[in-house]
Amino acid sequence: MTLAPSLSGDLARDPFADLKLQPPDALLSLIKAYRLDPRPTKIDLGVGVYRDGRGATPVFHAVKAAEAELLAAQDTKAYLGPEGDLGFLDHLSELVLGEGVDTSDLVGMQTPGGTGALRLAAEMAAMARPGTRIWLGTPTWPNHPQIFEQAGLTLQTYRHFDPATGAVDFEAIREALHRAQPGDLVLLHGCCHNPTGADFTAVQWKQVNALVLERRLIPLIDLAYQGLGLGLDEDAAGPRALFAAADNALIAYSCDKNFGLYRERTGALFARARWHADTVRSTLHFLARCAWSMPPDHGAAAVRLILQSPELSRLWRAELTAMRERLAAMRAAVAAALPALEPVRGQHGLFSLLPLTPHQVEALRRDAGVYMAGSGRINVAGLNEANLSDFIAALSAVGL
Ligand SMILES: Cc1ncc(COP(=O)(O)O)c(C=O)c1O
């Protein structure tokens, strides 16, 4: 057995001595605790994937059909190139940005999930101007700040969510956008805000877009749930308007939720670069080459087959509609059962942030087997007809 050198400063002999243990991912610990809980009545509202009324996360029928086609027709696994599947990017750009979008200075890159797109966008911004500031509304998806910081951006935060109303804190956002300096990035959740479910209204999008343009900020729109809020076009309306009007804008897109492709890591980065599209394209290719070289193919190929086939598109849209309607029905049921949760009705997507203290979250887990993130974030899709009344009773028992 080799003993670790006792002098941690001796980097030649002990090169990793200065690394620190990273804090464990809270959601992964939650998943483990849920798995070990023997109570048959336990309820999982932690994990961030869609679940149907039976608690399953099935493969879309449209995806299964596209995969069958792929299996039969695919005749090579040779690399595609750093930008990925061009057909996927063409079809996806229409879905995201609308038909007839101006493509003259649009750059598309297929990425490993929305996470890959966020990281690529952040690296490009940091490369263009080291230390570029990025404005984040809080709370936000916990991966956002660490992705941006690791890529070399400087974080600025403001309050996105007002717990008193369960809606967006629009004054705080307006004030932050006024404080931001030209050239700063602003992260905007396209729809289905994670973790609060509190999205901009159509009127608020107009105001945000006007401010972003007036202040010459660079929007980085994280669109990870298109179609799970109000509808495919409705969820993209604000981002589309901003992308059409801005000289410089970025959209980090995930197909992992709205096509149910999670582990296939399917996403894209779209960049509008009015004056420097060629340099932006070449920079993104370079950064992708350094990070993953070529993106994974399978999920993007399945999405391309779905979007290019009217029949598969119809099937996919129907499946997505069923998911969205189920989420809305669960939201309505929660709001109807507990007056304190009325805001949940008007929030969108998978997540809502409940007005619970850490102590109440802990009591729900300990006494009723209800598992949610420590912040009080629930995945609404974890609720169904069979567990809803138990969930409401557990919330009442902790005083909600
Ligand atoms: C707000 C937000 N952005 C991006 C992502 C990343 O998605 P992907 O799994 O495609 O990397 C997620 C995933 O949970 C998310 O919630």
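Residues numbered from 1 in each chain as written. Predicted model: local features only at pLDDT ≥ 70, side-chain atom pairs only at ≥ 80, totals over all residues.

Enquirer: What is the right way to read unusual backbone geometry from this model?
Expert: Residue proline 139 is reached from threonine 138 by a cis peptide bond, and omega for that bond is -5°. By the element assignment, proline 139 lies in the loop between β3 (133-138) and α5 (143-151). Of the consecutive residues asparagine 194 and proline 195, the connecting peptide bond is found in the cis state with omega at 20°. Structurally, proline 195 is set in the loop between β7 (185-189) and α7 (202-214). Even without being glycine, cysteine 192 reaches a positive phi, approximately 50°. With respect to the element layout, cysteine 192 can be found in the loop between β7 and α7. You can call cysteine 192 buried: it has 27 C-beta atoms within 10 Å. (Helix = DSSP H or I, 4+ residues; strand = E, 2+ residues; numbered from the N terminus. Buried ≥ 20, exposed ≤ 12 C-beta atoms within 10 Å, placed from the backbone.)

Enquirer: Is there a simple way to think about the domain arrangement of the chain in this case?
Expert: By a widely used convention, the size of an interface equals the accessible area lost when the partners come together. As far as domains go, the chain holds domain 1 (26-59 + 322-397) and domain 2 (79-308). Taken over C-alpha atoms, the centre of domain 1 sits 27 Å from the centre of domain 2. Contacts between the two partners involve 18 residues from domain 1 and, on the opposite side, 22 residues from domain 2. When contributions to the side of domain 1 that touches domain 2 are tallied by element, the ones reaching two or more residues are α11 (310-337) and β11 (351-353). Residue composition of the side of domain 1 that touches domain 2, grouped by class: 10 nonpolar, 6 polar and 2 charged. (Domains from an automatic or database assignment. Contact = placed C-beta atoms within 7 Å. Nonpolar A, V, L, I, M, F, W, Y, C, P; charged D, E, K, R; others polar.)

Enquirer: When you look at the site of the ligand in this model, what are you seeing that I'm missing?
Expert: Gly48, Gly113, Gly114, Thr115, Trp141, Asn194, Asp222, Ala224, Ser254, Asp256 and Gly267 make up every residue found near the ligand. Considering every element that reaches the shell around the ligand, the biggest residue donor is helix α4 (residues 113-128), with 3 residues. When its residues are assigned to classes, the shell around the ligand shows 2 nonpolar, 7 polar and 2 charged. (Near = placed C-beta within 6 Å.)

Enquirer: Looking at this structure, how should I read the environment of valine 107?
Expert: Tracing the sequence through the fold places valine 107 in strand β2 (residues 106-112). Residues valine 107 and alanine 273, 166 residues apart in the sequence, show an inter-C-alpha distance of 7.7 Å.

Enquirer: Got a minute to help me understand the environment of glutamine 181 in this structure?
Expert: One can find glutamine 181 in the loop between α6 (170-179) and β7. Classification of glutamine 181 as exposed rests on a count of 11 C-beta atoms within 10 Å. For glutamine 181 and arginine 216, which are 35 residues apart along the polypeptide, the C-alpha to C-alpha distance reads 7.8 Å.

Enquirer: Honestly, the packing of helix α3 (residues 86-97) against helix α10 (residues 298-308) in this entry has me stumped. Any pointers?
Expert: When two helices pack together, their arrangement is given by the angle between their axes and by how far apart the axes lie. Contact geometry of α3 with α10 gives a least axis separation of 9 Å together with a crossing angle of 55°. For the element pair α3 / α10, the angle class is oblique. Seen along the crossing, α3 lies across α10 with a hand that is left-handed. Residues Gly87, Phe88, His91, Leu92 and Leu95 of α3 touch α10, and the partners they reach there are Ala300, Ala301, Val303, Arg304, Leu307 and Gln308. Looking at side-chain class alone, the contact of α3 with α10 contains 7 nonpolar, 3 polar and 1 charged residues. (Axes fitted to C-alpha atoms, helices over the stretch in contact; angles between N-to-C directions. Parallel < 35°, antiparallel > 145°, perpendicular 65-115°, else oblique. Left-handed = near helix turned anticlockwise from the far one by under 90°.)

Enquirer: What exactly am I supposed to notice about the nonpolar core here?
Expert: Within the largest apolar cluster, 108 residues are counted, with the highest numbers of intra-cluster contacts made by Ala121, Val186, Leu269 and Leu284. Looking at which domains feed residues into this core, each of domain 1 (26-59 + 322-397) and domain 2 (79-308) supplies at least three. Those residues in contact with leucine 269 that lie beyond four places of it in its chain are Met109, Thr111, Ala117, Leu120, Ala121, Leu250, Ala252 and Leu284. (Core = buried A, V, L, I, M, F, W, Y, C linked by C-beta atoms within 7 Å.)

Enquirer: Any chance you could explain the environment of phenylalanine 259 here in plain terms?
Expert: Tracing the backbone through its elements, the reader meets phenylalanine 259 in the loop between β9 (248-254) and β10 (266-273). Residue classification places phenylalanine 259 among the buried residues on the basis of 25 C-beta atoms within 10 Å. With 177 residues separating them along the chain, phenylalanine 259 and proline 82 place their C-alpha atoms 22 Å apart. Filtering out sequence-adjacent residues up to four positions away, phenylalanine 259 remains in contact with Phe60, Val63, Thr266 and Val303.

Enquirer: How should the sheet that holds strand β4 (residues 154-159) be read in this particular structure?
Expert: Whenever strands of a sheet pair, they do so through backbone hydrogen bonds, lying parallel or antiparallel. On the basis of which strands lie adjacent, the open sheet formed by 7 strands has the order β2-β10-β9-β8-β7-β3-β4 and mixed pairing. Both outer strands of the open sheet, β2 and β4, are each paired with one neighbouring strand and no more. Strand-to-strand twist of the sheet, defined as the mean angle between neighbouring strand axes without regard to direction, takes the value 20°. Bridging between β3 and β4 involves 6 bridges; their strand directions are parallel. Bridge assignment links isoleucine 134 to a residue of β4, and that residue is leucine 155. (Pairing = 2+ DSSP bridges.)

Enquirer: When you look at the pairing of β9 in this model, what are you seeing that I'm missing?
Expert: In summary, the side chains of a regular strand alternate between the two faces of the sheet. The element β9 is extensively covered by neighbouring structure, given that 6 of its 7 residues are classed as buried. Pairing between strand β8 (residues 218-223) and β9: 4 bridges, direction parallel. Paired with aspartate 222 across the strands is alanine 252, a residue of β9. With helix α8 (residues 232-245) bridging β8 and its parallel neighbour β9, the resulting β-α-β unit is right-handed. Where β9 and β10 come together, 7 bridges link them in antiparallel fashion. Across the sheet, residue alanine 252 finds its bridge partner in β10, namely leucine 269. (Right-handed = clockwise from strand over helix to strand, strands pointing away.)

Enquirer: What is the right way to read the packing of helix α2 (residues 61-73) against α10 from this model?
Expert: It is at 9 Å that the axes of α2 and α10 come closest, and there the two elements cross at 105°. The angle between α2 and α10 falls in the class roughly perpendicular. Of α10, the residues touching α2 (which contributes Ala62, Val63, Ala66, Glu67, Glu69 and Leu70) are Ala301, Ala302, Leu305 and Ile306. Looking at the contact of α2 with α10 residue by residue, the classes come out as 8 nonpolar, no polar and 2 charged.

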